[in-house]
Amino acid sequence: MYISGPVLQNIAATVPTPSSLVPAQTDLTFSKDFGCLPIPRRLRYDSDKPFYFGMLLNVSFGIGSTLVFANLYYCQPILIQLSASFHVTYDEVARIPTLVQAGFGIGLLFITPLGDMLRRRQLILLLVVCSTSLTIGLAITKNLVVFEIISFLIGLTSVAPQILMPLAADLAPPARRGSAISIVQSGLLLGILIARVLSGIVANFTSWRIVYCMSIGIQSIVLGGAYMLLPDYPVKNPDLSYLGIFHSMAKYVVTEPLVGQIILTNWAASACYTNWWVTLTFLLGGPPYNYSTMIIGLFGLVGMLAVIIVPFFGRLLDRLVPWWSAVVSTVFLLVFQGVQTGAGGINIAAVIISCFGLDMFRQMQAVSFSSLMFSISETARSRLNALMTISVFLGQITGTSVGSDVFVGYGWRANAALFMAMNVLQLSVLILRGPHCPRNRWFGYEGGFELWKMLPSKQSQLVASDDTENTGCGHLAVVCSEKGNVKGGAEELR
């Protein structure tokens, strides 16, 4: 049945709007950050003229993520120099990376969910200011305890990339969301690799303090770029309390099957990926290879190449149903882990092939998980991203501790076989639910096996020709199309 536009408007005016779809605030336009710093006019929010999220801004998000995320890893290659400078044992300075990661983990839990209740432009600017200021302390302090405290606080405030990721998902058109996420996600992994390379080279030819002076300059550039490029965006949940954030996060875990599925799979995937890079040094540094530290470091370039390639597949990820891309990526991860298990300690070609494949498909898998997670709720993407990143963090702890112990105690093949089994676990968890399984089902394949996403134009046609119940919802059906049905959108968690 066809209903004319004016009639639809009258119907929409009488239908109660779900709280999750109500505009976040009466006045969405702000002219100043922190009440005193003018926002460039072109970056101010305008509901009548949505901000254009082009490739240049998307790449800027990725570069910003790279340079901020690098804060967590500058310390790792310079621990020996830190030990000599502070006149302490290596065991004592070994606490520094742990403190940085502990601060980061706490920031993930207590700071990143704030993106759902605060203006994210202000939050990101504040975090970058804090991390930059704290880095000054690292560059000048001569006390190890002070250095450790500041390192913890830098980890705590270096969570801006985890706030940028949901913002990119909000700004990008639905048809480009997968490729937009892939660019920002690539920035995170590049940050890990670039930080280790830069820190090692700079410290080798100068001093470890110059590494942190470099970091201050880099973060200052990020701060200036964020001020000039980061668009303002309205608060999404103005009525949400801080304690309400954690209540809703816990509720998502126990009531949304997809959340639990992604958290478990992402934990196992992160453990496998972390184990690979931690034990690679042991493998290449011992027999039969006996490579130098310089040559081992060059394997990071192989990983960087694999990470850089993934965004070029962004359009394919945009078209594929995320479940399919996650399953395909996991299958390939299993294949390349099998190559490592079979010949990693025998033939260097197997190591190079595994290095490239594991980095590339882990990146594609992470993008698929993000797309799946962000599809659950438009108004809770920061909280959902926090849950997913916490699972990554826990996986890193598992991969580092378990992987090192197994490698040292039982050798490279036992280690590779164990984490091959972890890839089997990932695949097993993923196939419990099909690509179009309803949100409230823990198991099943209802909805078929459609490989490609529905085009937006086709979605509009289906909404226009839907039955009387859905037509009665008018514009709400269109807003909720990504969630599958109108009722699901109206009842989504706050």
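Here goes a summary of the coordinates provided. As the structure is a computational prediction, the values presented were derived from the model and not from experiment.

**Section: the environment of Tyr90**
Residue placement: Tyr90 occurs in helix H4 (residues 90-93). Look at Tyr90 and you get partly exposed, because its relative accessible area is 45%. Leave out the neighbours within four places in its chain, and Tyr90 touches Leu79, Ile80 and Ser83.

**Points about the packing of helix H17 (residues 381-410) against helix H18 (residues 412-430)**
Direction vectors running N to C along H17 and H18 enclose 145°, while the axes themselves pass 7 Å from each other. Every residue of H18 that contacts H17 at Gly399, Val402, Gly403, Val406, Phe407 and Tyr410 is listed here: Trp412, Ala414, Asn415, Leu418 and Phe419. Looking at the contact of H17 with H18 residue by residue, the classes come out as 8 nonpolar, 3 polar and no charged.

**Quick notes on unusual backbone geometry**
Here the residue pair Pro287 and Pro288 is connected by a cis peptide bond, since its omega of 10° sits within 30 degrees of zero. A positive phi is found at His87, a non-glycine position, where the angle reads about 60°. Inspection of the secondary structure puts His87 in the loop between helix H3 (79-86) and H4. Take His87: its relative accessible area is 72%, and that puts it in the exposed class. Phi at Asn290 takes a positive value of approximately 55°, unusual for a residue other than glycine. You can see Asn290 is positioned in the loop between helix H12 (257-285) and helix H13 (293-309).

**Describing the packing of helix H8 (residues 160-171) against H17**
In contact at an axis separation of 9 Å, H8 and H17 are set at 130° when each is read in the N-to-C sense. Here H8 is positioned oblique relative to H17, judged by the angle of their axes. Classified by chirality, the crossing of H17 by H8 is right-handed. Between H8, through Gln162, Met165, Pro166, Ala169 and Asp170, and H17, the contact on the second element is made entirely by Arg381, Ser382, Asn385 and Thr389. Of the residues contributing to the contact of H8 with H17, the split by class is 3 nonpolar, 4 polar and 2 charged.

**Quick word on the environment of Leu193**
Along the polypeptide, Leu193 turns up in helix H9 (residues 177-205). On the basis of relative accessibility, which here comes to 7%, the residue Leu193 falls in the buried class. When sequence neighbours within four positions are dropped, the list of residues in contact with Leu193 reads Trp277, Gly300, Gly303 and Met304.

**Digging into the packing of aromatic side chains**
Taken as a whole, this structure holds 18 aromatic pairs when the rule is applied. On the basis of an interplanar angle of 85° and a centroid distance of 5.6 Å, the ring pair of Phe147 and Trp208 is categorised as edge-to-face. Of this pair, Phe147 sits in helix H7 (residues 144-157) while Trp208 sits in helix H10 (residues 208-229); the two residues are 61 residues apart in sequence, bridging distant segments of the chain. According to the relative accessible area criterion, Phe147 is buried, its value standing at 0%. A relative accessible area of 3% places Trp208 in the buried class. Three or more aromatic residues joined by ring pairs make a cluster, and in this case those are Phe86, Phe147, Trp208 and Tyr212.

**Describing the nonpolar core**
Of all hydrophobic cores here, the largest spans 112 residues; its most connected members are Phe61, Leu82 and Tyr212. Among the nonpolar cores identified, the runner-up in size contains 5 residues, and Ala271, Cys272, Phe419 and Met422 belong to it.

**Re a nonpolar patch on the surface**
A cluster of nonpolar residues, Ile308, Phe312, Phe313, Leu316, Leu451 and Trp452, forms a patch on the protein surface that exposes about 570 Å² of accessible area. By the element assignment, Leu451 lies in the loop between H18 and helix H19 (456-464).

**Side note on the pattern of salt bridges**
A complete count under the given rule lists 10 salt bridges for this structure. Between Arg95 and Glu148 there is a salt bridge, with its nearest N and O atoms 2.9 Å apart. Taken together, the positions of Arg95 in helix H5 (residues 95-110) and Glu148 in helix H7 put the pair 53 residues apart, joining distant regions of the chain. On the basis of relative accessibility, which here comes to 9%, the residue Glu148 falls in the buried class.

**Description of the side chain of Ser158**
Relative to the assigned elements, Ser158 resides in the loop between H7 and H8. Taking relative accessible area as the criterion, Ser158 reaches 0% and is therefore assigned buried. Within the structure, Ser158 has its side chain in polar contact with the backbone oxygen of Ile154 (distance 2.6 Å). If near-sequence neighbours (up to four positions away) are discounted, Ser158 is found in contact with Val68, Asn71, Leu72, Phe104 and Ser131.

**Quick word on the side chain of Asn275**
Structurally, Asn275 is set in helix H12. Classification of Asn275 by relative accessible area gives buried; the value is 3%. The contact partners of Asn275, leaving out residues within four places of it in the chain, are Gly399, Gly403, Asn415 and Phe419.

Thresholds, definitions, all that
- Residues numbered from 1 in each chain as written.
- Predicted model: local features only at pLDDT ≥ 70, side-chain atom pairs only at ≥ 80, totals over all residues.
- Heavy atoms only, no water.
- Helix = DSSP H or I, 4+ residues; strand = E, 2+ residues; numbered from the N terminus.
- Buried < 20%, exposed > 50% of the residue type's maximum accessible area, 1.4 Å probe, protein only.
- Contact = heavy atoms within 4.5 Å.
- Axes fitted to C-alpha atoms, helices over the stretch in contact; angles between N-to-C directions.
- Nonpolar A, V, L, I, M, F, W, Y, C, P; charged D, E, K, R; others polar.
- Parallel < 35°, antiparallel > 145°, perpendicular 65-115°, else oblique.
- Left-handed = near helix turned anticlockwise from the far one by under 90°.
- Phe/Tyr/Trp six-rings, centres within 6.5 Å; stacked < 30°, edge-to-face > 60°.
- Core = buried A, V, L, I, M, F, W, Y, C linked by side-chain atoms within 4.5 Å.
- Patch = residues over 30% accessible without salt bridge, like charges linked within 9 Å, V, L, I, M, F, W, Y side chains within 5 Å.
- Areas by Shrake-Rupley, 256 points an atom, 1.4 Å probe, with all protein chains shown as cover.
- Salt bridge = Lys/Arg side-chain N within 4 Å of Asp/Glu carboxyl O.
- Polar contact = N/O pair within 3.5 Å; in protein donor to acceptor, adjacent residues only side chain to side chain.

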